[in-house]
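Here is how the chains run, residue by residue.
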Number of protein chains: 2
Amino acid sequence: MVNNPHPIIESIVWTDQGVQYLDQTRLPWQEHYVITKDVETIAEAIERLEIRGAPALGVAAAYALVLSAAEARAENILRLRFEKAAERIRRTRPTAVNLFWAIQRMSMVLEKNKGSPVQEIIEALLKEALSIHEEDREMCRRIGRHGMSLIPDLAGILSHCNTGALATGGEGTAQAVITTAFSHGKTIRVYADETRPLLQGARLTAWELRKYGIPVTVIADNTAAVIMKERKVDLVIVGADRIAANGDTVNKIGTYALALLAQFHGIPFYVAAPVTTIDLATGSGDLIPIEERAATDLSIVAGTKIIPDDVSVYAPAFDVTPHRLISAIITDCGVLYPPFEEGLKNIRIHPAPLPDD
Amino acid sequence: MVNNPHPIIESIVWTDQGVQYLDQTRLPWQEHYVITKDVETIAEAIERLEIRGAPALGVAAAYALVLSAAEARAENILRLRFEKAAERIRRTRPTAVNLFWAIQRMSMVLEKNKGSPVQEIIEALLKEALSIHEEDREMCRRIGRHGMSLIPDLAGILSHCNTGALATGGEGTAQAVITTAFSHGKTIRVYADETRPLLQGARLTAWELRKYGIPVTVIADNTAAVIMKERKVDLVIVGADRIAANGDTVNKIGTYALALLAQFHGIPFYVAAPVTTIDLATGSGDLIPIEERAATDLSIVAGTKIIPDDVSVYAPAFDVTPHRLISAIITDCGVLYPPFEEGLKNIRIHPAPLPDD
């Protein structure tokens, strides 16, 4: 059996009219696509989480940099606009390493083409952005293939946040493991925790899995321990926004609690992420900056304020899961088992071959 | 220092016009009181969680039984109506033992007054219901006094659901411990987890604590592990819907996870509940029926559906916290430490004296 080469949902694509993205804040109520040539629109879409998911942010950043350069007539103007756009995008979300990594790749292309005709520079930037996107699609396929053997038949799977097509340029990270196992004939049920504050599990993962025809049950975040105790789930699989050199993993708030609860119940806890998420320059998770979101992320649900005025709110967007709680890290270059340090260092250099079907 | 003898908020009171209750589903948006003489209105209010909290349910059930009898002109009619009302109320929420306990007390009064003039029976029923309510107020005061020494000065306290005046006929259970410590001059900050699905922490606890002037910060349920790791909280205190003979505690969904996370982080985990919550006839928590709420509790927030259609939902209302995870049980008759079995058996017979101020 072969995976569907194109994901069912494309959250972000390059078109002749500019970047087209699906506004994820309107899901599941509306499937609303935005087409824009404006860098600021994309930057704000990232800040508002209309575009979200670490890999998708890398793709969006790359396309935004193409847009920043597209109308320039002289190289110095192009460079000024590019730098301004890069600076703007860096400020949107501090935790996702893919954003910085994509900007770096695009900057290198700009350097390499120094002195070339402006039109050639723009074409080189577009080519690089399209490559980043295509590599992302391929990354998703590879994560799915490497990870699927970890999913037993008849598995109950607990997922957190959204790690699917909406979060990436392809089929997803953790969710690609699920969809690949499913497309290879495994019977599964996904328990999607709703993932407060922004309900990515309830709104996005449930919406995506239904499109794939995968059985999904939504639970409140605080119900995860109960379904573990009731043996409804056999494993937990999550994505990652950044993985430190020792394997400590930054991911959506709530991940750390799930990892602790999984360990207590003897349930494997898997992280699935591309190798671009690995940040070898950062030794451990406590060194990674954690974005704190605005109080309104938590206090306003679907337009209604659910917390009395003048009550304070603490809403970190991410947390750090210590490497000791992680059973395996599934990447596009293979699956790593503890201790992670050596593997994380070498996996880009010595990727594992893709498993046979 | 003396506690305020009257709680600031009265969630349920008996008036000449019938029962007056605060509709908790409208908080924090509206402070809307309902006055009714209709048993069905109260039964539905209990089902819809307009009236909620184990002790408050006992008070509401008692008043509803007074209402059922109030218009009867003959004893046989009175008994028929009483039985029908009792039957209706028993069906509202299966987990709260206080409901059954209050019905039993009222039935005993009915038995004791067999053959008395109807008006005397009605008066005896009202007297008993008012006693249940007054005992509940006293119970709250005593829980607060017994528990306050467990709250260190400058404590960060994690609370779950709502255990305050809204949940009881008095100042609350777990929350009475907090308000009593505060009124005795201790500096505290409460972290109220929002408590999905019905947001009792975000809507009700935050609203109440603001009325008392107690600093409160709302967090998502999935953020509890992070504030424990960050040492923002020194203890967790929760209420109970039922306590089995061995100390296993049934409480709002999410409690079990908090107890596990507290144990992992070395943070004490306290349960505060009246002795009427102790169910000696039930040996352990796994024997207690757990109410499963309708999917809409989770899928609709403030009137908006947040989960796509046709996606299944699993929404148990309660979970069981094994006694091994509980540091102490604070009751109106004193504080119990593990192992709980003997203490739970004897505490009604040999209550501890109230601590001095």
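This structure is a prediction, so every number in the text was calculated from the model and none was measured.

Caption draft 1: Here's a closer look at the packing of helix α2 (residues 54-70) of chain B against helix α3 (residues 75-90) of chain B. Residue and element names in this part refer to chain B. Running from amino to carboxyl end, α2 crosses α3 at an angle of 150°, the nearest separation of the two axes being 8 Å. Regarding the angle of α2 to α3, the classification is roughly antiparallel. Along this stretch, α2 crosses α3, giving a crossing that reads as right-handed. Residues Ala61, Ala64, Leu65, Ser68 and Ala69 of α2 form the contact with α3, whose participating residues are Leu78, Arg81, Phe82, Ala85, Ala86 and Ile89. Taken together, the residues of the contact of α2 with α3 break down into 9 nonpolar, 1 polar and 1 charged.

Caption draft 2: Region of interest: helix α1 (residues 39-47) of chain A. Residues and elements named next belong to chain A. Among the residues of α1, Val39, Ile42, Ala43, Ala45 and Ile46 are the ones counted as buried. Considered in projection along α1, the buried side chains sweep an arc of 160° and stay on one side of the axis. On its buried face, α1 sits against β2 (18-22), β3 (33-36), α2 (54-70), α3 (75-90) and α4 (97-112). Count one or two residues on from α1 and you reach Leu49, which has phi positive near 65°.

Caption draft 3: Region of the structure containing the packing of α2 of chain B against helix α5 (residues 118-147) of chain B. Residue and element names in this part refer to chain B. At a minimum axis distance of 9 Å, the contact between α2 and α5 shows a crossing angle of 170°. As far as their axial angle goes, α5 and α2 are roughly antiparallel. Between α2 and α5, the residues in contact are Pro55, Gly58, Val59, Ala62, Tyr63, Val66, Ala69 and Ala70 and Ile122, Leu125, Leu126, Ala129, Leu130, Ile132, His133, Asp136 and Met139, respectively. Residue composition of the contact of α2 with α5, grouped by class: 14 nonpolar, 2 polar and 1 charged.

Caption draft 4: Representation of unusual backbone geometry in the model. Residue Pro28 of chain A is bonded to the preceding Leu27 of chain A through a cis peptide linkage, with omega at 0°. Its location among the elements puts Pro28 of chain A in the loop between β2 and β3. The peptide bond linking Arg196 of chain B to Pro197 of chain B adopts the cis configuration, its omega dihedral lying at 5°. You will see that Ala302 of chain A, though not glycine, has its phi angle at about 45°, which is positive. Its place among the elements puts Ala302 of chain A in the loop between β12 (300-301) and β13 (304-305).

Caption draft 5: Region of interest: the interface of chain B and chain A. Each partner contributes residues to the interface: chain B has 54 residues there, and chain A has 54 residues. Each partner contributes to the roughly 4,100 Å² buried at the junction of chain B and chain A, and carbon and sulfur atoms together form 66% of this total. Three residues stand out in chain B for area buried against chain A, namely Asn222, Ile306 and Tyr314 of chain B, and they jointly supply 17% of the buried area on that side. Our count for the chain B to chain A interface comes out at 4 salt bridges. Measuring nitrogen to oxygen at the nearest pair gives 3.6 Å for the salt bridge that ties Arg210 of chain B to Asp310 of chain A. At the junction of chain B and chain A, the tally comes to 24 residue pairs in polar contact (both at pLDDT 80 or more).

Caption draft 6: Up close: the relation of the copies chain B and chain A. Rotating chain B by 180° and translating it 0.0 Å along the rotation axis places it on chain A, where the RMSD comes to 0.0 Å. Read as a symmetry element, the transformation amounts to a two-fold axis. A share of 100% of interface residues in chain B that are also interface residues in chain A marks the association as one of identical surfaces.

Caption draft 7: Inspection of α4 of chain A at higher detail. Residues and elements named next belong to chain A. The first and last C-alpha atoms of α4 sit 23 Å apart over 16 residues, in line with the 22 Å expected at 1.5 Å per residue. Taken as a whole, α4 has its buried residues at Val97, Asn98, Leu99, Ala102, Ile103, Arg105, Met106, Ser107, Val109 and Leu110. Those residues of α4 that are buried are in contact with α1, α2, α3, α5 (118-147) and β8 (242-244).

Caption draft 8: Expanded view of the state of the cysteines. Summed over the entire model, instances satisfying the criterion amount to 0 disulfides over all chains. Cys161 of chain A forms no disulfide, and the closest cysteine sulfur to it belongs to Cys140 of chain A, at a distance of 15 Å. Residue classification places Cys161 of chain A among the buried residues on the basis of a relative accessible area of 6%. Cysteine Cys333 of chain B remains unbridged, with the sulfur of Cys140 of chain B as its closest cysteine sulfur at 13 Å.

Caption draft 9: Quick peek at the environment of Phe340 of chain A. Residues and elements named next belong to chain A. Assignment of secondary structure puts Phe340 in the loop between β17 (334-336) and α11 (341-346). Residue classification places Phe340 among the buried residues on the basis of a relative accessible area of 2%. When the C-alpha positions of Phe340 and Ala245 are compared, they lie 8.0 Å apart, and in sequence the two are 95 residues distant. Those residues in contact with Phe340 that lie beyond four places of it in its chain are Asn246, Gly247, His323, Ile326, Ser327, Ala328 and Ile329.

Caption draft 10: Examining the packing of aromatic side chains more closely. Counted under the stated rule, the structure contains 2 aromatic pairs over all chains. Considering the side-chain rings of Trp14 of chain A and Tyr63 of chain A, the 5.4 Å spacing of their centres and the 35° angle between planes classify their relative orientation as tilted. With Trp14 of chain A in strand β1 (residues 12-15) and Tyr63 of chain A in helix α2, this pair connects stretches of sequence that are 49 residues apart. The positively charged end of Lys229 of chain B is found above the aromatic ring belonging to Tyr256 of chain A, 4.5 Å away from the centroid.

Caption draft 11: Expanded view of the side chain of Thr205 of chain B. All names here are of chain B. Of note, Thr205 is situated in helix α7 (residues 200-212). Thr205 sits in the buried class, given a relative accessible area of 1%. Of note is the side chain of Thr205, whose polar atom sits 3.3 Å from the side chain of Asn162. Ignoring any residue separated from it by four or fewer positions in sequence, one finds Thr205 in contact with Ser159, Cys161, Asn162, Gln175, Ala192 and Gln200.

Caption draft 12: Representation of the sheet that holds strand β9 (residues 249-252) of chain A in the model. All names here are of chain A. Strand order across the open sheet formed by 4 strands is β11-β8-β9-β15, with mixed pairing between neighbours. The sheet terminates laterally at β11 (278-279) and β15 (318-321), the two strands that pair on one side only. Taken together, the 2 bridges between β8 and β9 define a ladder with antiparallel strand orientation. Within β9, the residue paired with Ile243 across the bridge is Thr249.

Caption draft 13: Layout of the pattern of salt bridges. Residues and elements named next belong to chain A. Throughout the structure, instances matching the rule amount to 51 salt bridges over all chains. A salt bridge links Arg242 to Asp279; the nearest nitrogen and oxygen atoms lie 3.0 Å apart. In this pair, Arg242 is assigned in strand β8 and Asp279 in strand β11, connecting sequence segments 37 residues apart. Neither Arg242 nor Asp279 differs from the other in exposure class; each is buried. If you follow the salt bridges from partner to partner, you end up with Glu10, Glu134, Arg137, Glu138, Arg141 and Arg142 in one network.

Cut-offs and rules
- Residues numbered from 1 in each chain as written.
- Chains lettered and ligands numbered in written order.
- Predicted model: local features only at pLDDT ≥ 70, side-chain atom pairs only at ≥ 80, totals over all residues.
- Heavy atoms only, no water.
- Axes fitted to C-alpha atoms, helices over the stretch in contact; angles between N-to-C directions.
- Helix = DSSP H or I, 4+ residues; strand = E, 2+ residues; numbered from the N terminus.
- Parallel < 35°, antiparallel > 145°, perpendicular 65-115°, else oblique.
- Left-handed = near helix turned anticlockwise from the far one by under 90°.
- Contact = heavy atoms within 4.5 Å.
- Nonpolar A, V, L, I, M, F, W, Y, C, P; charged D, E, K, R; others polar.
- Buried < 20%, exposed > 50% of the residue type's maximum accessible area, 1.4 Å probe, protein only.
- Arc of directions from axis to C-beta.
- Buried area = accessible area lost by both parts, 1.4 Å probe.
- Salt bridge = Lys/Arg side-chain N within 4 Å of Asp/Glu carboxyl O.
- Polar contact = N/O pair within 3.5 Å; in protein donor to acceptor, adjacent residues only side chain to side chain.
- Least-squares fit on C-alpha atoms with pLDDT ≥ 70 in both.
- Expected span 1.5 Å × (residues − 1).
- Disulfide = S-S within 2.5 Å.
- Phe/Tyr/Trp six-rings, centres within 6.5 Å; stacked < 30°, edge-to-face > 60°.
- Lys NZ or Arg CZ within 6 Å of the ring centre and 35° of its normal.
- Pairing = 2+ DSSP bridges.

Keep in mind these values describe shape, not function.
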